[in-house]
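Fold and contact review
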Amino acid sequence: GQSLEQPSEVTAVEGAIVQINCTYQTSGFYGLSWYQQHDGGAPTFLSYNALDGLEETGRFSSFLSRSDSYGYLLLQELQMKDSASYFCAAYAGNNRKLIWGLGTSLAVNP
Amino acid sequence: EAGVAQSPRYKIIEKRQSVAFWCNPISGHATLYWYQQILGQGPKLLIQFQNNGVVDDSQLPKDRFSAERLKGVDSTLKIQPAKLEDSAVYLCASSSGRGSTMNTEAFFGQGTRLTVV
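Reference entry: report on the structure contained in this document.

What counts and what doesn't
- Residues numbered from 1 in each chain as written.
- Chains lettered and ligands numbered in written order.
- Predicted model: local features only at pLDDT ≥ 70, side-chain atom pairs only at ≥ 80, totals over all residues.
- Heavy atoms only, no water.
- Pairing = 2+ DSSP bridges.
- Helix = DSSP H or I, 4+ residues; strand = E, 2+ residues; numbered from the N terminus.
- Axes fitted to C-alpha atoms, helices over the stretch in contact; angles between N-to-C directions.
- Core = buried A, V, L, I, M, F, W, Y, C linked by side-chain atoms within 4.5 Å.
- Buried < 20%, exposed > 50% of the residue type's maximum accessible area, 1.4 Å probe, protein only.
- Polar contact = N/O pair within 3.5 Å; in protein donor to acceptor, adjacent residues only side chain to side chain.
- Contact = heavy atoms within 4.5 Å.

Bringing the sheet that holds strand E1 (residues 3–5) of chain A into the picture now. All names here are of chain A. What the five strands build is an open sheet, ordered E1-E3-E8-E7-E6; its pairing is antiparallel. One side of each edge strand has no neighbouring strand; the edge strands of this open sheet are E1 and strand E6 (53–57). Each strand of the sheet is rotated relative to its neighbour by a mean of 20°, with strand direction disregarded. The sheet contact formed by strand E7 (residues 60–65) and strand E8 (residues 70–75) spans six bridges and is antiparallel. Bridge pairing in E8 links Ser62 to Leu73.

Right under this line is the structure:
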């Protein structure tokens, strides 16, 4: 089957750096996306990696290694507002659909 | 540009009743998705449309759920009859559906929170 694994919870303090890992098992893999979802809100797109390497967008960076079927989201200079759930989603298959992980709940403490 | 619009925001119904949700995607987006998100879990794809054709409905409980996207724009998702376990947030999303990266970024509506009692 097709699946993605990520930690269920991560805790960090303001100003710190946190890395959320994601491993995937899919067929017809095209790339890896990351979404942020605050409690009660809709998922919002953060990044997409089609090629190996690091993509940086402000305080957030995303990394992909296709050979290792692995990626991560790196959040720097953490702020309280970064407390949310973060989902990795693989863009895969003949239908080019998003296959979602179960999400990582990030708690940023003062 | 206007985002994905969904209605209603909240709905409470009794089990065995029917309910319908409406979604208007971002203008020009060819791909439309309906997701079910149970509290504490990730979104689960129910159905994916490309224009007005169904691309994937493998996880749609077809005995009680139905969806349509007439004219390839708006879409409705219906549950009939509802069960207690259908209590969830129903999210509609759209993506461009064109080009080599056609569905890498999906835009979500605010969702409909359904409570079945």
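From this point on, the discussion continues.
Here we come to the environment of Ile99 of chain A. By the secondary structure assignment, Ile99 of chain A is in strand E10 (residues 97–100). Separated by 70 residues in sequence, Ile99 of chain A and Phe29 of chain A place their C-alpha atoms 10 Å apart.

Our next topic: the sheet that holds strand E1 (residues 5–7) of chain B. Residue and element names in this part refer to chain B. Strands sit in the order E1-E3-E8-E7 across an open sheet of four strands; the sheet is antiparallel. Two strands lie at the open edges of the sheet, namely E1 and strand E7 (65–68), each paired on one side alone. Averaged over all pairs of adjacent strands, the angle between their axes in this sheet comes to 15°, without regard to strand direction. In the sheet, E7 pairs with strand E8 (residues 75–79) via four bridges, with the strands oriented antiparallel. Each bridged residue has a counterpart across the sheet, and for Ser66 the counterpart in E8 is Lys78.

Moving on, we come to the nonpolar core. Ranked by internal contacts, the top residues of the largest apolar core, which has 23 residues, are Leu4, Leu32, Leu75, Tyr86 and Leu106 of chain A. Within the residue set of this core, elements represented by two or more residues are strand E2 (9–13), strand E3 (18–25), strand E4 (29–37), E7, E8, strand E9 (84–92) and strand E11 (104–109) of chain A. Here this core gets five residues from one element, more than from any other, and that element is E9 of chain A. By size, the runner-up hydrophobic cluster in this structure holds 21 residues, among which are Ile47, Ala82, Tyr90 and Val116 of chain B.

All names here are of chain A. Sheet analysis places E4 next to strand E5 (residues 44–49), joined by five bridges and oriented antiparallel. Note on E5: the bridge partner recorded for Gln36 is Thr44. Once E4 ends, the chain turns through six residues before running back antiparallel as E5, passing Gly40 with a positive phi of about 80°.

This brings us to the side chain of Arg64 of chain B. All names here are of chain B. Inspection of the secondary structure assignment puts Arg64 in the loop between strand E6 (53–56) and E7. Overall, the relative accessible area of 10% leaves Arg64 in the buried class. Polar side-chain contacts of Arg64 include one of 2.5 Å to the side chain of Asp86. Excluding its chain neighbours within four sequence positions, the residues that come into contact with Arg64 are Lys78, Ile79, Gln80, Pro81, Ala82, Lys83 and Asp86.

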